[in-house]
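One letter stands for each residue in the lines below.
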Amino acid sequence: MILPLKTRILQSMAPSEEDSTITRAVKAAIREDLNPRYTDPPNLQEYLHRSTALDPRFKFLSHLDHAVRQMTYSDLTTEIVGTEEGQATEPIGADSEESPPPQKKSAMEELFREIFVCKDTGKTFANTIEEEVASYKAASGIPVDGDPLAWWKSNECKYPHIAMMARRYLAVPGTSVPSERVFSTAGDILTAKRSPLSPDNADILIFLKKNVKL
(Lines give C-alpha, C1' and ligand atoms only; values in the text may rest on other atoms or scores of the structure.)
Protein backbone atom coordinates (compact mmCIF):
# COMPACT_ATOMS: atom_id res chain seq x y z
CA MET A 1 0.00 0.00 0.00
CA ILE A 2 3.05 2.28 -0.12
CA LEU A 3 2.49 3.65 -3.63
CA PRO A 4 -1.32 4.04 -3.30
CA LEU A 5 -0.72 5.98 -0.08
CA LYS A 6 1.92 8.14 -1.73
CA THR A 7 -0.44 8.85 -4.63
CA ARG A 8 -3.26 9.77 -2.25
CA ILE A 9 -1.04 12.14 -0.26
CA LEU A 10 0.20 13.87 -3.41
CA GLN A 11 -3.38 14.27 -4.62
CA SER A 12 -4.41 15.83 -1.31
CA MET A 13 -1.43 18.20 -1.52
CA ALA A 14 -2.56 19.66 -4.85
CA PRO A 15 -3.01 23.45 -4.58
CA SER A 16 -6.50 24.90 -4.59
CA GLU A 17 -7.92 28.40 -4.92
CA GLU A 18 -8.95 28.49 -1.26
CA ASP A 19 -5.39 27.92 -0.01
CA SER A 20 -3.57 30.73 1.74
CA THR A 21 0.00 31.62 0.85
CA ILE A 22 1.35 29.62 3.80
CA THR A 23 -0.80 26.60 2.93
CA ARG A 24 0.39 26.66 -0.67
CA ALA A 25 4.00 26.84 0.47
CA VAL A 26 3.56 23.93 2.90
CA LYS A 27 1.85 21.79 0.24
CA ALA A 28 4.60 22.58 -2.27
CA ALA A 29 7.28 21.60 0.27
CA ILE A 30 5.52 18.30 0.99
CA ARG A 31 5.18 17.49 -2.72
CA GLU A 32 8.81 18.37 -3.36
CA ASP A 33 9.95 16.09 -0.53
CA LEU A 34 7.60 13.19 -1.33
CA ASN A 35 7.87 13.05 -5.12
CA PRO A 36 11.39 11.54 -5.32
CA ARG A 37 10.74 8.97 -2.60
CA TYR A 38 10.56 5.24 -3.53
CA THR A 39 12.14 5.89 -6.94
CA ASP A 40 15.72 4.79 -6.25
CA PRO A 41 17.06 2.24 -7.12
CA PRO A 42 15.28 2.15 -10.51
CA ASN A 43 13.72 -1.29 -9.99
CA LEU A 44 12.17 -0.32 -6.64
CA GLN A 45 9.02 1.08 -8.24
CA GLU A 46 8.45 -2.10 -10.25
CA TYR A 47 8.87 -4.12 -7.06
CA LEU A 48 6.34 -1.93 -5.24
CA HIS A 49 3.91 -2.16 -8.18
CA ARG A 50 4.02 -5.96 -7.98
CA SER A 51 3.58 -5.82 -4.21
CA THR A 52 0.50 -3.64 -4.66
CA ALA A 53 -0.92 -6.00 -7.30
CA LEU A 54 -0.59 -8.89 -4.86
CA ASP A 55 -2.56 -7.01 -2.20
CA PRO A 56 -6.27 -7.81 -2.80
CA ARG A 57 -7.21 -4.38 -1.43
CA PHE A 58 -5.37 -2.54 -4.22
CA LYS A 59 -4.99 -5.21 -6.93
CA PHE A 60 -6.92 -3.14 -9.50
CA LEU A 61 -4.02 -0.62 -9.43
CA SER A 62 -6.42 2.29 -9.83
CA HIS A 63 -3.63 4.77 -9.07
CA LEU A 64 -1.74 3.73 -12.23
CA ASP A 65 -2.46 4.20 -15.93
CA HIS A 66 -3.54 1.26 -18.07
CA ALA A 67 -0.12 0.62 -19.64
CA VAL A 68 1.63 0.38 -16.26
CA ARG A 69 -1.08 -1.95 -14.95
CA GLN A 70 -0.63 -4.29 -17.91
CA MET A 71 3.15 -4.22 -17.57
CA THR A 72 2.95 -4.91 -13.80
CA TYR A 73 0.82 -8.03 -14.22
CA SER A 74 2.93 -9.16 -17.18
CA ASP A 75 6.09 -8.85 -15.08
CA LEU A 76 4.39 -10.69 -12.23
CA THR A 77 3.40 -13.55 -14.56
CA THR A 78 6.95 -13.77 -15.92
CA GLU A 79 8.40 -13.84 -12.41
CA ILE A 80 6.05 -16.61 -11.25
CA VAL A 81 6.84 -18.75 -14.31
CA GLY A 82 10.58 -18.21 -13.90
CA THR A 83 10.50 -18.98 -10.18
CA GLU A 84 8.42 -22.13 -10.56
CA GLU A 85 10.43 -23.47 -13.49
CA GLY A 86 13.69 -22.72 -11.68
CA GLN A 87 12.56 -24.75 -8.69
CA ALA A 88 11.45 -27.58 -10.95
CA THR A 89 14.88 -27.86 -12.57
CA GLU A 90 16.89 -27.75 -9.33
CA PRO A 91 18.56 -31.05 -8.43
CA ILE A 92 16.95 -32.70 -5.44
CA GLY A 93 20.12 -34.36 -4.13
CA ALA A 94 23.16 -36.40 -4.90
CA ASP A 95 21.08 -39.42 -5.88
CA SER A 96 18.86 -37.42 -8.24
CA GLU A 97 20.92 -38.49 -11.26
CA GLU A 98 20.02 -42.13 -10.73
CA SER A 99 16.91 -43.07 -12.65
CA PRO A 100 14.16 -44.38 -10.36
CA PRO A 101 12.92 -47.93 -10.81
CA PRO A 102 9.89 -48.31 -13.11
CA GLN A 103 6.65 -47.95 -11.21
CA LYS A 104 4.42 -50.97 -11.25
CA LYS A 105 1.02 -50.32 -12.85
CA SER A 106 -2.03 -50.99 -10.77
CA ALA A 107 -4.79 -53.34 -11.88
CA MET A 108 -7.16 -50.38 -12.40
CA GLU A 109 -4.63 -48.63 -14.63
CA GLU A 110 -4.05 -51.76 -16.68
CA LEU A 111 -7.81 -52.21 -17.10
CA PHE A 112 -8.93 -48.68 -17.97
CA ARG A 113 -5.78 -46.93 -19.22
CA GLU A 114 -6.54 -47.29 -22.92
CA ILE A 115 -10.12 -45.96 -22.57
CA PHE A 116 -9.82 -43.23 -19.96
CA VAL A 117 -6.27 -42.06 -20.57
CA CYS A 118 -5.81 -38.32 -19.98
CA LYS A 119 -5.38 -36.46 -23.24
CA ASP A 120 -2.64 -33.87 -23.50
CA THR A 121 -4.34 -30.48 -23.96
CA GLY A 122 -1.13 -28.86 -25.17
CA LYS A 123 -1.35 -26.21 -22.43
CA THR A 124 2.04 -25.07 -21.20
CA PHE A 125 2.88 -24.07 -17.63
CA ALA A 126 3.08 -20.44 -18.76
CA ASN A 127 -0.48 -20.69 -20.12
CA THR A 128 -1.66 -22.03 -16.77
CA ILE A 129 -0.08 -19.10 -14.91
CA GLU A 130 -1.54 -16.59 -17.38
CA GLU A 131 -5.02 -18.02 -16.81
CA GLU A 132 -4.53 -17.94 -13.04
CA VAL A 133 -3.39 -14.31 -13.13
CA ALA A 134 -6.31 -13.35 -15.39
CA SER A 135 -8.73 -15.03 -12.98
CA TYR A 136 -7.15 -13.20 -10.06
CA LYS A 137 -7.42 -9.84 -11.84
CA ALA A 138 -11.11 -10.45 -12.60
CA ALA A 139 -11.96 -11.48 -9.03
CA SER A 140 -13.56 -9.01 -6.64
CA GLY A 141 -11.28 -7.09 -4.31
CA ILE A 142 -11.73 -6.52 -0.60
CA PRO A 143 -12.37 -3.28 1.34
CA VAL A 144 -9.34 -1.13 2.09
CA ASP A 145 -9.73 -1.93 5.79
CA GLY A 146 -9.83 -5.69 5.07
CA ASP A 147 -7.12 -8.20 5.95
CA PRO A 148 -5.12 -9.24 2.84
CA LEU A 149 -3.41 -12.11 4.68
CA ALA A 150 -6.76 -13.59 5.74
CA TRP A 151 -7.97 -13.25 2.13
CA TRP A 152 -4.95 -15.11 0.82
CA LYS A 153 -5.37 -17.81 3.43
CA SER A 154 -8.90 -18.50 2.21
CA ASN A 155 -8.02 -18.21 -1.50
CA GLU A 156 -4.64 -19.95 -1.56
CA CYS A 157 -6.09 -23.08 -3.14
CA LYS A 158 -7.76 -21.03 -5.88
CA TYR A 159 -4.59 -19.15 -6.84
CA PRO A 160 -1.76 -21.40 -5.61
CA HIS A 161 1.07 -19.93 -7.68
CA ILE A 162 0.12 -16.30 -7.06
CA ALA A 163 -0.33 -17.08 -3.34
CA MET A 164 3.25 -18.32 -3.21
CA MET A 165 4.45 -15.02 -4.66
CA ALA A 166 2.15 -13.02 -2.35
CA ARG A 167 3.69 -14.79 0.64
CA ARG A 168 7.11 -13.65 -0.55
CA TYR A 169 6.17 -10.02 -1.24
CA LEU A 170 3.65 -9.23 1.50
CA ALA A 171 5.94 -10.61 4.22
CA VAL A 172 8.26 -7.63 3.70
CA PRO A 173 7.42 -4.94 6.31
CA GLY A 174 6.54 -1.59 4.80
CA THR A 175 8.24 0.30 7.62
CA SER A 176 11.31 -0.05 9.84
CA VAL A 177 9.36 0.98 12.96
CA PRO A 178 9.03 -2.57 14.43
CA SER A 179 12.77 -3.21 14.17
CA GLU A 180 13.53 0.22 15.64
CA ARG A 181 11.27 -0.62 18.57
CA VAL A 182 13.23 -3.82 19.18
CA PHE A 183 16.45 -1.78 19.40
CA SER A 184 14.75 0.60 21.85
CA THR A 185 13.62 -2.35 23.96
CA ALA A 186 17.16 -3.74 23.94
CA GLY A 187 18.43 -0.36 25.16
CA ASP A 188 15.95 -0.43 28.06
CA ILE A 189 17.05 -3.95 29.07
CA LEU A 190 20.82 -3.77 28.56
CA THR A 191 21.63 -0.93 30.94
CA ALA A 192 25.01 -0.26 32.56
CA LYS A 193 23.92 -2.01 35.77
CA ARG A 194 22.85 -5.11 33.81
CA SER A 195 25.94 -5.36 31.62
CA PRO A 196 26.90 -8.81 33.04
CA LEU A 197 23.89 -10.30 31.21
CA SER A 198 24.96 -12.97 28.76
CA PRO A 199 23.90 -12.58 25.09
CA ASP A 200 21.56 -15.58 25.37
CA ASN A 201 19.80 -14.19 28.44
CA ALA A 202 19.55 -10.77 26.79
CA ASP A 203 17.92 -12.37 23.71
CA ILE A 204 15.43 -14.21 25.93
CA LEU A 205 14.49 -11.04 27.86
CA ILE A 206 14.01 -9.05 24.65
CA PHE A 207 11.90 -11.85 23.15
CA LEU A 208 9.70 -12.06 26.25
CA LYS A 209 9.29 -8.29 26.40
CA LYS A 210 8.09 -8.13 22.78
CA ASN A 211 5.91 -11.25 22.77
CA VAL A 212 4.45 -11.93 26.23
CA LYS A 213 1.16 -10.16 26.87
CA LEU A 214 1.12 -9.05 30.52
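Predicted model only: the values in this text are computed from it and were never measured.

Got a minute to help me understand the packing of aromatic side chains in this structure?
Here a ring pair, both rings aromatic, is described through the centre-centre distance and the interplanar angle of the planes. The full count for this structure, using the stated rule, is 8 aromatic pairs. Centre to centre, the rings of tryptophan 151 and tyrosine 159 are 6.1 Å apart; their planes meet at 15 degrees, and the pair counts as stacked. Residue class for tryptophan 151 comes out buried when judged on its relative accessible area of 13%. A connected cluster of aromatic rings, assembled from ring pairs, spans Tyr73, Tyr136, Trp151, Trp152 and Tyr159. Taking NZ or CZ as reference, lysine 59 lies 5.0 Å from the ring centre of tyrosine 136, over its face.

Please explain the packing of helix α1 (residues 2-12) against helix α3 (residues 44-53) as it appears in this structure.
A pair of packed helices is captured by two measures, namely the crossing angle of their axes and the spacing between those axes. Interaxial distance between α1 and α3 falls to 8 Å at its minimum, and their mutual angle equals 100 degrees. For the element pair α1 / α3, the angle class is roughly perpendicular. Two secondary-structure elements touch here, α1 through Ile2, Leu3, Pro4 and Lys6 and α3 through Gln45, Leu48, His49 and Thr52. The residue inventory of the contact of α1 with α3, partitioned by class, reads 4 nonpolar, 3 polar and 1 charged.

I keep staring at the layout of surface pockets and nothing clicks. Help me out?
Gaps left between atoms show up when a probe the size of a water molecule is rolled over them. Of the volumes computed, that of the largest pocket is approximately 540 Å³. Lining the largest pocket are 22 residues; nearest its centre among them are Met1, Ile2, Val172, Pro173 and Gly174. The class makeup of the residues in the lining of the largest pocket is 16 nonpolar, 3 polar and 3 charged.

Got a minute to help me understand unusual backbone geometry in this structure?
Negative phi is the rule for most residues except glycine; trans is the rule for most peptide bonds. Residue aspartate 40 is joined to proline 41 through a cis peptide bond whose omega torsion reads 5 degrees. Mapped onto the elements of the fold, proline 41 is located in the loop between α2 (21-34) and α3. Despite not being glycine, tyrosine 38 has its phi angle at roughly 60 degrees, a positive value. Tyrosine 38 sits in the partly exposed class, given a relative accessible area of 35%. For leucine 61, which is not glycine, the phi torsion reads 55 degrees and is therefore positive. Following the sequence through the fold, leucine 61 ends up in the loop between α3 and α4 (66-89). Residue classification places leucine 61 among the buried residues on the basis of a relative accessible area of 1%.

Looking at this model, I keep getting lost on the environment of aspartate 147. Mind explaining?
In this structure, aspartate 147 sits in the loop between α6 (125-138) and α7 (148-155). Accessibility expressed as a relative area gives 45% for aspartate 147, which makes it partly exposed. Placed 90 residues apart in sequence, aspartate 147 and arginine 57 show a C-alpha to C-alpha distance of 8.3 Å. Within the local environment of aspartate 147, its side chain forms a polar contact with the backbone nitrogen of leucine 149, the two atoms lying 3.0 Å apart.

Calculation notes
- Residues numbered from 1 in each chain as written.
- Predicted model: local features only at pLDDT ≥ 70, side-chain atom pairs only at ≥ 80, totals over all residues.
- Heavy atoms only, no water.
- Phe/Tyr/Trp six-rings, centres within 6.5 Å; stacked < 30°, edge-to-face > 60°.
- Buried < 20%, exposed > 50% of the residue type's maximum accessible area, 1.4 Å probe, protein only.
- Lys NZ or Arg CZ within 6 Å of the ring centre and 35° of its normal.
- Axes fitted to C-alpha atoms, helices over the stretch in contact; angles between N-to-C directions.
- Helix = DSSP H or I, 4+ residues; strand = E, 2+ residues; numbered from the N terminus.
- Parallel < 35°, antiparallel > 145°, perpendicular 65-115°, else oblique.
- Contact = heavy atoms within 4.5 Å.
- Nonpolar A, V, L, I, M, F, W, Y, C, P; charged D, E, K, R; others polar.
- 1 Å grid on protein atoms, 1.4 Å probe; cavity = no way out; pocket = protein on both sides within 12 Å on 5 of 7 lines; lining within 4 Å.
- Points joined across faces, edges and corners; volume = space filled by probe spheres on them.
- Polar contact = N/O pair within 3.5 Å; in protein donor to acceptor, adjacent residues only side chain to side chain.

This is a description of form; function is not addressed.
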